[in-house]
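Report on the structure
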Amino acid sequence: MEIERKFIPKNLPENLNQYSFHRIEQAYLNTAPVLRIRKQDNTYILTYKGGGMMAREEYNLALNRKSYAHLLEKADGNVLTKTRYLIPIDDGLTAELDIFEGRFAGLILVEVEFDSVEQAESFTPPAWFGKEVTYDKRYHNSYLSRLE
C-alpha cells in the first residue's frame, strides 16, 4: 500500500546538495491501472499501482537493465526525468523533493509517504511545502506522461 501526500513547494530548502538524492527516469506502459517502469540510479523497477489518490495498492518488481530498455521502447507518452532529494523532516518522515527536467523543467513537487491513512491525515506539513495537490490528478506522474 502506498499512502502519500503531495505538495507544490513555496520555496526550496537551503543547501540541497547536503541531502542524498536519486536520478530517476520513468515511463508508463499503462495508466489505468498504472504500470510504470523506473530507472533509479542503477536500479530498475516495474511498478503496478491500483486506483486512488492518497492511498492505493502498489507492488514493485525488480528488473535488469536489458528488461528495462526493452520495456522502455514499448512505453507510451512522455519519459519523465527528475532528481529526487531525500530531506528528513519531523516525526522520522522524509520529504521526497522532485525537481523535474526536460519537458517538465520548472515543475517541482514534494511528497511524503506514510505508514497509515491516519498518520497521513494528521500530518502538518512544513511551511515550505506550499499548496497541497494530493487530490489533483494533474500532478500525478502518470498524468504528466500522457500530456501532448
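From a predicted model like this one, the values you see are computed outputs, not experimental measurements.

On a plain count of helices and strands, the protein chain comes out with three helices and ten strands. For the protein chain, the succession of helices and strands along the chain, N to C, is β-β-β-β-β-β-α-β-β-β-α-β-α. Its C-alpha radius of gyration of 15 Å places the protein chain within 12% of the 15 Å reference for a compact globule of 148 residues. Taken along its principal axes, the extent of the C-alpha atoms in the protein chain is 40 × 30 × 30 Å.

A regular strand places its side chains on the two faces of the sheet in alternate fashion. Inspection of the sheet shows strand β2 (residues 20-31) paired to strand β7 (residues 76-88) by eight bridges, in the antiparallel sense. Looking at the pairing, Arg-23 lines up with Thr-83 of β7. Once β2 ends, the chain turns through two residues before running back antiparallel as strand β3 (residues 34-40).

Counted according to the given criterion, the structure contains eleven salt bridges. Put simply, Arg-5 and Glu-132 hold a salt bridge, and the shortest N to O gap is 2.7 Å. Note that Arg-5 is positioned in strand β1 (residues 2-8) and Glu-132 in strand β10 (residues 131-132), a separation of 127 residues in sequence. Of the charged contacts in the structure, one is a salt bridge between Lys-49 and Glu-58, with a shortest N-O distance of 3.4 Å. Looking at Lys-49, the relative accessible area reads 8%, which means it is buried.

Going from Ala-32 to Pro-33, the amide bond is cis rather than trans, its omega being 0°. Turning to its location among the elements, Pro-33 is positioned in the loop between β2 and β3. A positive phi angle is found at Asn-15, which is not glycine, with a value near 55°. If you trace the backbone, Asn-15 turns up in the loop between β1 and β2. A residue is classified by how much of its surface remains accessible, and Asn-15, at 48% relative accessible area, is partly exposed.

Checked against the element boundaries, Leu-16 lands in the loop between β1 and β2. As a C-alpha pair, Leu-16 and Leu-86 span 70 residues in sequence and 9.4 Å in three-dimensional space.

A word on the nonpolar core. When a protein is soluble and globular, its nonpolar side chains tend to lie buried together. Counting 18 residues, the largest nonpolar core has Ile-87, Phe-123 and Phe-129 as its most contacted members. Taken together, the elements giving at least two residues each to this core come down to β1, β7, β8 (94-100) and β9 (108-113). Those residues in contact with Phe-123 that lie beyond four places of it in its chain are Arg-5, Phe-7, Ile-89, Leu-93, Val-112, Phe-114 and Phe-129. With ten residues, the next largest nonpolar core counts Phe-100, Phe-104, Tyr-139 and Leu-144 among its residues.

Right, let's talk about the environment of Thr-124 for a bit. With respect to the helices, strands and loops of the structure, Thr-124 is situated in the loop between α2 (117-122) and β10. A residue is classified by how much of its surface remains accessible, and Thr-124, at 66% relative accessible area, is exposed. As for Thr-124 and Asp-90, which are separated by 34 residues in sequence, their C-alpha atoms are 9.5 Å apart.

This brings us to the packing of aromatic side chains. Evaluation of the coordinates by the stated rule reveals seven aromatic pairs. Centre to centre, the rings of Phe-21 and Tyr-85 are 5.7 Å apart; their planes meet at 45°, and the pair counts as tilted. Residue Phe-21 is located in strand β2, and its partner Tyr-85 is located in strand β7; the two are separated by 64 residues in the primary sequence. A residue is classified by how much of its surface remains accessible, and Tyr-85, at 16% relative accessible area, is buried.

What counts, and where the lines are drawn
- Residues numbered from 1 in each chain as written.
- Predicted model: local features only at pLDDT ≥ 70, side-chain atom pairs only at ≥ 80, totals over all residues.
- Heavy atoms only, no water.
- Helix = DSSP H or I, 4+ residues; strand = E, 2+ residues; numbered from the N terminus.
- Rg over C-alpha atoms; globule rule 2.2 N^0.38 Å.
- Pairing = 2+ DSSP bridges.
- Salt bridge = Lys/Arg side-chain N within 4 Å of Asp/Glu carboxyl O.
- Buried < 20%, exposed > 50% of the residue type's maximum accessible area, 1.4 Å probe, protein only.
- Core = buried A, V, L, I, M, F, W, Y, C linked by side-chain atoms within 4.5 Å.
- Contact = heavy atoms within 4.5 Å.
- Phe/Tyr/Trp six-rings, centres within 6.5 Å; stacked < 30°, edge-to-face > 60°.

Keep in mind these values describe shape, not function.
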